[in-house]
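# Analysis of the macromolecular model
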Amino acid sequence: MRVTKVSGLDRLKAGDEGLTVDIGVATGEDTDGLMKLVVVRKGATLATFSAVNLSSMMTGAQFEVPAEVVDAQVAKLG
(Lines give C-alpha, C1' and ligand atoms only; values in the text may rest on other atoms or scores of the structure.)
Protein backbone atom coordinates (compact mmCIF):
# COMPACT_ATOMS: atom_id res chain seq x y z
CA MET A 1 0.00 0.00 0.00
CA ARG A 2 1.43 3.35 -1.03
CA VAL A 3 0.17 6.43 0.81
CA THR A 4 -0.22 9.36 -1.56
CA LYS A 5 -1.84 12.00 0.66
CA VAL A 6 -2.63 12.70 4.32
CA SER A 7 -5.28 15.33 5.06
CA GLY A 8 -8.51 16.13 6.83
CA LEU A 9 -7.53 16.14 10.49
CA ASP A 10 -10.79 16.08 12.48
CA ARG A 11 -11.01 16.07 16.28
CA LEU A 12 -13.20 13.41 17.91
CA LYS A 13 -15.16 13.52 21.14
CA ALA A 14 -13.90 10.10 22.16
CA GLY A 15 -11.65 9.05 25.01
CA ASP A 16 -9.50 11.81 26.51
CA GLU A 17 -8.32 12.89 23.04
CA GLY A 18 -9.10 11.63 19.56
CA LEU A 19 -8.73 12.43 15.89
CA THR A 20 -9.48 11.10 12.43
CA VAL A 21 -7.13 11.49 9.47
CA ASP A 22 -7.95 10.95 5.77
CA ILE A 23 -5.33 8.87 3.95
CA GLY A 24 -5.11 8.73 0.17
CA VAL A 25 -3.94 5.34 -1.07
CA ALA A 26 -2.68 4.46 -4.56
CA THR A 27 -5.11 2.01 -6.18
CA GLY A 28 -3.12 1.34 -9.33
CA GLU A 29 -5.39 3.62 -11.38
CA ASP A 30 -5.20 7.36 -12.00
CA THR A 31 -7.26 8.03 -8.86
CA ASP A 32 -6.42 7.58 -5.20
CA GLY A 33 -8.56 5.55 -2.84
CA LEU A 34 -9.58 6.87 0.57
CA MET A 35 -9.25 5.29 3.99
CA LYS A 36 -9.55 6.81 7.45
CA LEU A 37 -7.24 6.37 10.42
CA VAL A 38 -8.73 6.92 13.88
CA VAL A 39 -6.46 7.59 16.87
CA VAL A 40 -7.82 7.75 20.43
CA ARG A 41 -6.06 8.25 23.77
CA LYS A 42 -7.74 7.13 26.97
CA GLY A 43 -5.55 7.52 30.02
CA ALA A 44 -2.13 6.09 29.17
CA THR A 45 -3.51 3.91 26.36
CA LEU A 46 -3.24 4.93 22.71
CA ALA A 47 -5.47 3.03 20.28
CA THR A 48 -5.53 3.23 16.50
CA PHE A 49 -7.84 1.62 13.99
CA SER A 50 -8.58 2.14 10.34
CA ALA A 51 -11.84 2.34 8.46
CA VAL A 52 -12.15 1.40 4.81
CA ASN A 53 -15.17 1.81 2.55
CA LEU A 54 -14.51 -0.33 -0.52
CA SER A 55 -16.50 1.98 -2.78
CA SER A 56 -14.51 4.97 -1.52
CA MET A 57 -11.29 3.01 -1.92
CA MET A 58 -11.98 2.80 -5.66
CA THR A 59 -13.49 6.27 -6.19
CA GLY A 60 -11.85 8.47 -3.55
CA ALA A 61 -15.30 9.64 -2.39
CA GLN A 62 -15.63 10.86 1.20
CA PHE A 63 -17.26 8.70 3.90
CA GLU A 64 -17.76 8.99 7.65
CA VAL A 65 -16.55 6.65 10.36
CA PRO A 66 -19.76 5.85 12.30
CA ALA A 67 -19.71 7.34 15.82
CA GLU A 68 -21.18 4.07 17.13
CA VAL A 69 -18.12 2.16 15.90
CA VAL A 70 -15.70 4.63 17.52
CA ASP A 71 -17.68 4.58 20.79
CA ALA A 72 -17.71 0.76 20.85
CA GLN A 73 -13.94 0.60 20.32
CA VAL A 74 -13.25 3.23 23.00
CA ALA A 75 -15.52 1.40 25.47
CA LYS A 76 -13.25 -1.64 25.12
CA LEU A 77 -10.36 0.42 26.48
CA GLY A 78 -12.01 0.41 29.90
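The structure we're discussing is the one just above.
Attention here is on the structure that accompanies the text. Note that this is a predicted model, so its numbers are computed, not measured.

The strand order across the open sheet built from four strands is β1-β2-β3-β4, with neighbouring strands paired in antiparallel fashion. Edge positions in the open sheet fall to β1 (3–11) and β4 (45–52), since each of these has one partner strand only. For this sheet the average axis-to-axis angle between neighbouring strands, irrespective of direction, equals 20 degrees. Across ten bridges, the pairing between strand β2 (residues 17–26) and strand β3 (residues 32–42) is antiparallel. For Gly24, the partnering residue across the bridge sits in β3 and is Leu34.

The next thing to look at is the environment of Val3. By secondary structure assignment, the location of Val3 is in strand β1. Assessed through its relative accessible area of 45%, Val3 is described here as partly exposed. It is 9.8 Å that separates the C-alpha atoms of Val3 and Leu34, two residues lying 31 residues apart in sequence. In this structure, Val3 is in contact with Ile23 and Gly24, ignoring residues within four places of it in sequence.

In this structure, the largest pocket spans a volume of roughly 170 Å³. In terms of lining residues, the largest pocket is bounded by Asp10, Leu12, Lys13, Ala14, Thr20, Lys36, Glu64, Val65, Pro66, Ala67, Val70 and Asp71. Considering each element in turn, the lining of the largest pocket owes the most residues, three residues, to helix α2 (residues 67–75). The residue inventory of the lining of the largest pocket, partitioned by class, reads six nonpolar, one polar and five charged.

Let us now look at the side chain of Lys36. Position of Lys36 relative to the elements: it lies in strand β3. There is a polar contact of 2.9 Å between the side chain of Lys36 and the side chain of Asp22. The contacts of Lys36, once residues within four sequence positions are left out, are Thr20, Val21, Asp22, Phe49, Ser50, Ala51, Gln62, Phe63 and Val65.

What follows deals with the pairing of β3. Two elements, β3 and β4, share eight bridges in a ladder whose sense is antiparallel. Residue Met35 lies in a different strand from β4, and its bridge partner there is Val52. Counting the residues between successive antiparallel strands, the hairpin from β3 to β4 contains two residues, one of them, Gly43, with a positive phi of roughly 65 degrees.

Conventions used here
Residues numbered from 1 in each chain as written. Predicted model: local features only at pLDDT ≥ 70, side-chain atom pairs only at ≥ 80, totals over all residues. Heavy atoms only, no water. Pairing = 2+ DSSP bridges. Helix = DSSP H or I, 4+ residues; strand = E, 2+ residues; numbered from the N terminus. Axes fitted to C-alpha atoms, helices over the stretch in contact; angles between N-to-C directions. Buried < 20%, exposed > 50% of the residue type's maximum accessible area, 1.4 Å probe, protein only. Contact = heavy atoms within 4.5 Å. 1 Å grid on protein atoms, 1.4 Å probe; cavity = no way out; pocket = protein on both sides within 12 Å on 5 of 7 lines; lining within 4 Å. Points joined across faces, edges and corners; volume = space filled by probe spheres on them. Nonpolar A, V, L, I, M, F, W, Y, C, P; charged D, E, K, R; others polar. Polar contact = N/O pair within 3.5 Å; in protein donor to acceptor, adjacent residues only side chain to side chain.

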